[in-house]
Each structure stands twice: as C-alpha cells, then as structure tokens.
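Chain and residue survey
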Amino acid sequence: MVKTTYSEIRAYTPGWLALAGGLGVVIVAALAAVWHMEHEGHWVTGMTNQVVWGLPHVFAVFLIVAASGALNIASIGSVFGREPYRPLGRLSGLVAMALLAGGLAVLVLDLGRPDRLAVAMTHFNFKSIFAWNVILYSGFFAVVAVYLWTMMDWRLKRFYRPAALGAFLWRLVLTTGTGSIFGFLVAREAYGAAVMAPLFIAMSFADGLAVFILVLLFAAKSTGRPLGEQMLTRLVRLLGLFVAANLYFVALHHVTQLYFAGRGGVESFVLAQGGVYTTLFWVAQIGLGGILPLVIAFAGCGHAARRRATMASALVVVGGLAQVYVLIVGGQAWPLDLFPGMEVASSFADGRVHTYVPTLAETVLGLGGVAIAGFIVLLGVTALRFLPAGLADTVEAAEDRH
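Residues numbered from 1 in each chain as written. Predicted model: local features only at pLDDT ≥ 70, side-chain atom pairs only at ≥ 80, totals over all residues. Heavy atoms only, no water.

1. Some thoughts on the overall build of the chain
Helix and strand content of the chain: 14 helices and two strands. What you see for the chain is a C-alpha radius of gyration of 22 Å, in line with the 21 Å of a compact globule of 402 residues. For the chain, the spread of C-alpha atoms along the three principal axes comes to 70 × 45 × 40 Å. The burial tally for the chain puts 52% of its 402 residues in the buried class. Look at the contacts in the chain between residues 6 or more apart in sequence, and 81% of them connect residues 24 or more apart. (Helix = DSSP H or I, 4+ residues; strand = E, 2+ residues; numbered from the N terminus. Rg over C-alpha atoms; globule rule 2.2 N^0.38 Å. Buried < 20%, exposed > 50% of the residue type's maximum accessible area, 1.4 Å probe, protein only. Contact = heavy atoms within 4.5 Å.)

This is the structure:
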C-alpha cells in the first residue's frame with residue numbers, strides 16, 4: 001500500500017477569507033429569504049396548491065442524491081480495493097456529509113414550521129416513506145462519521161473495512177428511500193414506478209461524482225496541490241460510465257411509462273408538448289448533461305484531462321439539476337387523474353396543466369444549501385487532514401502497480 005500524507009489548508013489567508021465571506025453572504029441571504037417567505041406566506045413564491053414542491057426542493061433533492069454518490073469514491077477504494085482511489089476517501093466522506101447537510105437544511109426550511117422538526121423526529125409512522133427517510137438521513141451522518149474515524153485513526157484500522165461496507169450499504173438504502181418517495185406516489189402519473197429506486201441510485205452516482213470532481217479540482221488548484229493526470233482520466237471515465245447508467249435508467253423509466261396505457265398523456269407532456277419541461281429534458285438533461293459528457297469522457301475532444309474533468313463535471317451538474325426539476329416540478333405540473341377515463345374541468349383548475357415560475361427567494365434558498373455544503377467542506381479541510389498533500393506522486397506510484 002502506498003503511504004499517503006494528508007494536511008490541512010491554511011486559514012485566514014486572503015483567498016480563504018474571500019471564499020468564506022462569499023459563502024457566508026449567500027447563507028445569510030438564504031436565511032433572509034426564509035424569513036421573508038415564512039412571514040409573508042407562500043404566496044410570495046411561485047408555488048401553488050397544485051405545485052407544492054418548487055425550486056428549493058429541486059436543490060434539496062439534488063444535494064441529497066449527490067451526497068450518496070459523492071461517497072462512491074471512498075467505497076471504490078475501500079470496499080472494492082481499488083488502491084488509486086484510496087487517498088481520496090477522506091475528502092469523499094467529508095463532501096458526502098456536507099452535501100447531505102446542505103440538502104436537508106433547504107428541505108427543512110422550505111417545508112414550513114421548521115420549529116416542529118422535533119415532532120417529525122420523535123413520532124414515526126412507519127408506513128410512511130418520509131418517516132423512514134428521517135432515520136436514513138440521520139443514520140448516514142453517523143455511519144459516515146464512523147467511517148471517517150476509521151480512516152483517520154490508526155488505532156481503529158481493524159474496523160476500517162466493516163465501516164466501509166456499512167457505509168456503502170447504507171448509502172444505497174438511503175438513495176433507494178429517496179427514490180421511493182416518488183416511486184410510491186401513485187397519485188402522480190409521472191411518478192409511481194418501481195424503477196424510481198434504481199434510477200435515483202444511478203443519478204446519485206453521476207451527480208455525486210461530478211460534484212466531488214469539481215470540489216477536488218478547486219481544492220487542488222487553490223492550495224497548489226499536485227493532481228495527477230492519470231487520476232483525472234480515471235475519474236472522467238468513471239463519470240462517463242455513471243452518466244451512461246443514468247441515461248439507461250431514464251430511458252427504461254420512460255419506456256415503462258409508455259407501456260402503461262394510462263400514462264401516455266404525461267409522457268407526451270414531458271417528451272413532446274411540455275414547453276419548458278420538454279426543453280429542459282432534451283436539451284439540458286439528455287444533451288448537455290448526458291450525451292455531451294459521454295463524448296468528453298470517452299472521445300477526449302483534444303483537451304487535457306483537467307479541462308475534460310471540469311467540463312464534463314459541470315455539464316453533469318447542470319443536467320442533474322434539470323433532471324430533478326423535470327421530475328419534481330414537471331411531475332406536479334401535469335394534472336391529477338381524479339376520474340380515470342373522464343375529462344375533468346372546473347374553476348379550481350382541475351384537469352389543466354399547472355404553471356410554476358420560481359421566484360428570487362426560492363432561488364436564493366436553494367443556493368443557500370449549496371453554500372452551506374461548501375462552507376462545511378471549507379471548515380473540514382481547514383480543521384482536519386482531509387486533503388492529500390502530494391496526490392500526483394501517490395497516484396502515479398499506485399498506477400505503476402497495476
């Protein structure tokens with residue numbers, strides 16, 4: 001095993017203060033947006049009694065799903081024994097916990113009455129998938145914290161592999177639970193499919209790795225740490241495989257929907273006649289977030305590994321946000337089928353496609369979750385040794401062994 005040296009980053013440098021200050025401003029703005037929405041009411045948002053999950057939920061679900069996928073690098077190095085990825089395990093765990101914290105912060109602040117969170121955490125209805133997710137999200141922090149402890153404390157090395165396996169299984173169950181929120185909602189025709197669980201797992205692999213690569217690239221560049229070209233090439237190709245898996249399950253989901261006679265309307269809406277949702281699906285999700293990253297990952301486009309990693313990861317993040325937006329908001333925009341086989345029309349907008357336009361307050365709240373995740377990562381790499389000091393040499397030495 002190649003020995004890896006880890007070190008913290010220097011605090012209170014001009015760059016550190018600028019980054020911390022910028023993230024802090026976004027977090028304060030997000031809290032102001034929450035105060036505005038809570039005191040004025042949700043009429044100041046784009047949400048209605050038909051579209052009750054808006055842009056903040058899009059950010060929250062994306063961050064939660066990406067948290068599971070960000071831990072994948074640590075799992076590849078520990079559970080599957082791929083030595084070149086092992087030096088990145090600590091940062092992988094930190095990014096995973098930070099993303100989940102950011103996503104849950106947005107989720108709690110967007111649901112209304114965050115002061116009653118204690119009720120949801122002490123009174124469980126185990127027939128509700130939401131109750132199970134409270135346990136899964138809370139357990140994820142504990143499991144990953146133990147996993148990181150075994151990585152960083154040599155006295156606990158004998159517990160390293162059991163902790164790694166436990167974290168790997170827990171994150172799969174967590175993402176399954178998140179996907180099942182939509183898979184179990186049979187009232188919404190765009191949801192209600194068992195394929196939602198594996199779709200969310202594939203989505204988490206791609207989105208989480210993309211976010212992790214961007215964090216790794218920024219950390220290496222801002223701290224002057226070497227980052228090997230071979231590792232970046234590996235990461236980009238792995239990202240391409242995850243993107244391909246995501247595209248496969250997206251196709252499987254829509255083929256399954258088209259197979260059911262009663263789902264033709266919602267599929268026509270998403271794939272052809274949905275306006276902004278159709279555009280986001282084909283242009284942002286499939287084109288920019290799917291096909292183009294595959295071309296960058298495997299064709300190369302003549303760019304260096306660092307640039308390919310940056311472009312592919314940024315595009316996957318854009319496509320991932322579009323995918324969650326189409327799934328969550330587009331699924332609610334399509335009217336409920338209250339009386340199958342009959343046309344429904346009333347002054348209450350029954351039977352009509354619902355509109356939703358996100359407001360500035362919702363956008364700022366969603367970005368606040370991203371800022372919270374970034375601030376947690378910044379504090380983590382400042383206080384503890386999460387970043388390898390010489391990744392390029394470690395990677396090249398590990399590569400030579402294979």
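This is not the end of the story, as more comes after the structure.
2. Comments concerning the side chain of Arg225
By secondary structure assignment, the location of Arg225 is in the loop between helix H8 (196-223) and helix H9 (229-259). As a buried residue without a salt bridge, Arg225 has its nearest oppositely charged side chain in Glu8, at a separation of 7.0 Å. In terms of polar contacts, Arg225 uses its side chain to reach the side chain of Ser7, at 3.0 Å. Within the local environment of Arg225, its side chain forms a polar contact with the backbone oxygen of Glu8, the two atoms lying 3.0 Å apart. (Lys, Arg positive; Asp, Glu negative; His and termini not counted. Salt bridge = Lys/Arg side-chain N within 4 Å of Asp/Glu carboxyl O. Polar contact = N/O pair within 3.5 Å; in protein donor to acceptor, adjacent residues only side chain to side chain.)

3. Section: the nonpolar core
Core analysis: the biggest nonpolar cluster contains 115 residues, and Leu99, Tyr147, Leu209 and Leu235 have the highest contact counts within it. If one sorts the elements of this core by residue count, H8 sits on top with 16 residues. With sequence-adjacent residues up to four places away left out, Tyr147 is seen in contact with Leu71, Ala74, Ser75, Ser78, Tyr160, Ala163, Ala164 and Ala167. (Core = buried A, V, L, I, M, F, W, Y, C linked by side-chain atoms within 4.5 Å.)

4. Regarding the packing of aromatic side chains
Within the structure shown, the criterion is met by 13 aromatic pairs. Ring geometry for Phe182 against Tyr191: centres 5.2 Å apart, planes inclined by 75°, an arrangement best described as edge-to-face. Judged by centre distance (4.9 Å) and plane angle (85°), the ring pair of Phe281 and Trp282 falls under edge-to-face. Joined through ring pairs, the aromatic side chains of Trp53, Phe182, Tyr191 and Phe200 make up one cluster. (Phe/Tyr/Trp six-rings, centres within 6.5 Å; stacked < 30°, edge-to-face > 60°.)

5. Observations concerning the packing of H8 against helix H12 (residues 305-333)
Any two packed helices are characterised by how steeply their axes cross, that is the angle between the axes, and by the distance between the axes. Running from N to C, H8 and H12 point in directions that differ by 140°, and their axes come no closer than 9 Å. As summarised for this structure, H8 and H12 are arranged oblique, according to the angle between their axes. Along this stretch, H8 crosses H12, giving a crossing that reads as left-handed. Contacts between H8 and H12 involve Met196, Leu199, Phe200, Met203, Ala206, Asp207, Ala210, Val211, Ile213, Leu214 and Leu217 on the former and, on the latter, Arg306, Ala309, Thr310, Ser313, Ala314, Val316, Val317, Gly320, Gln323, Val324 and Leu327. (Axes fitted to C-alpha atoms, helices over the stretch in contact; angles between N-to-C directions. Parallel < 35°, antiparallel > 145°, perpendicular 65-115°, else oblique. Left-handed = near helix turned anticlockwise from the far one by under 90°.)

6. Side note on the pattern of salt bridges
A side chain with one charge may pair with a side chain of the opposite charge, provided their charged atoms come close. Counted by the stated rule, this structure contains two salt bridges. For Glu8, the salt bridge identified is with Arg385, shortest N-O distance 3.6 Å. With Glu8 in the loop between strand S1 (6-7) and helix H1 (14-40) and Arg385 in the loop between helix H13 (360-383) and strand S2 (387-388), this residue pair connects regions lying 377 residues apart in the sequence. Accessibility expressed as a relative area gives 48% for Arg385, which makes it partly exposed.

7. Focus on the confidence of the model for the chain
Per-chain confidence: the chain averages 89 in pLDDT, with 95% of residues scoring 70 or above. When mean pLDDT is compared element by element in the chain, H13 scores highest at 97, while helix H14 (residues 391-400) scores lowest at 48. Of the regions scoring below 50 in pLDDT, residues 393-402 engages in 17 contacts with residues more than four places distant in sequence or in other chains. (pLDDT = per-residue confidence, 0-100.)

8. Concerning helix H11 (residues 276-299)
By the largest-angle criterion, Gly287 marks the main kink of H11, which is about 45°. Inspection of H11 places Tyr277, Thr278, Phe281, Ala284, Gln285, Ile286, Gly289, Gly290, Pro293, Ile296 and Ala297 among the buried residues, and these make up the whole buried set. On its buried side, H11 packs onto H9, helix H10 (264-273) and H12. (Bend = angle between axes of the 7 residues up to and from the residue.)

9. As for a nonpolar patch on the surface
A contiguous nonpolar patch, built from Trp282, Val283, Leu288, Ile291, Leu292, Val295 and Val318 and spanning about 580 Å² of accessible area, is present on the exposed surface. For the nonpolar patch, the element with the most residues is H11, which contributes six residues. (Patch = residues over 30% accessible without salt bridge, like charges linked within 9 Å, V, L, I, M, F, W, Y side chains within 5 Å. Areas by Shrake-Rupley, 256 points an atom, 1.4 Å probe, with all protein chains shown as cover.)

10. What to know about the side chain of His254
The topology assignment puts His254 in helix H9. Here Glu267 takes part through its side chain, which lies 2.7 Å from a polar atom of the side chain of His254. Not counting chain neighbours up to four residues away, the residues in contact with His254 comprise Glu267, Val270, Leu271 and Phe281.

11. What about the packing of H9 against H11?
The interhelical angle for the contact between H9 and H11, taken along N-to-C directions, is 145°, at an axis separation of 8 Å. Where H9 crosses over H11, the handedness of that crossing is left-handed. Across the interface between the two elements, Val236, Arg237, Gly240, Leu241, Val243, Ala244, Leu247, Val250 and His254 from H9 touch Phe281, Gln285, Ile286, Gly289, Gly290, Ile291, Leu294, Ala297 and Phe298 from H11. Partitioning the contact of H9 with H11 into residue classes produces 12 nonpolar, five polar and one charged. (Nonpolar A, V, L, I, M, F, W, Y, C, P; charged D, E, K, R; others polar.)

12. Digging into the environment of Arg161
Mapped onto the elements, Arg161 comes out in helix H7 (residues 160-183). Taking relative accessible area as the criterion, Arg161 reaches 48% and is therefore assigned partly exposed. Beyond its immediate stretch of four places on either side in the chain, Arg161 contacts Ser78 and Arg86. Engagement of the side chain of Arg161 in a polar contact is seen with the backbone oxygen of Ser78, the distance being 2.7 Å.

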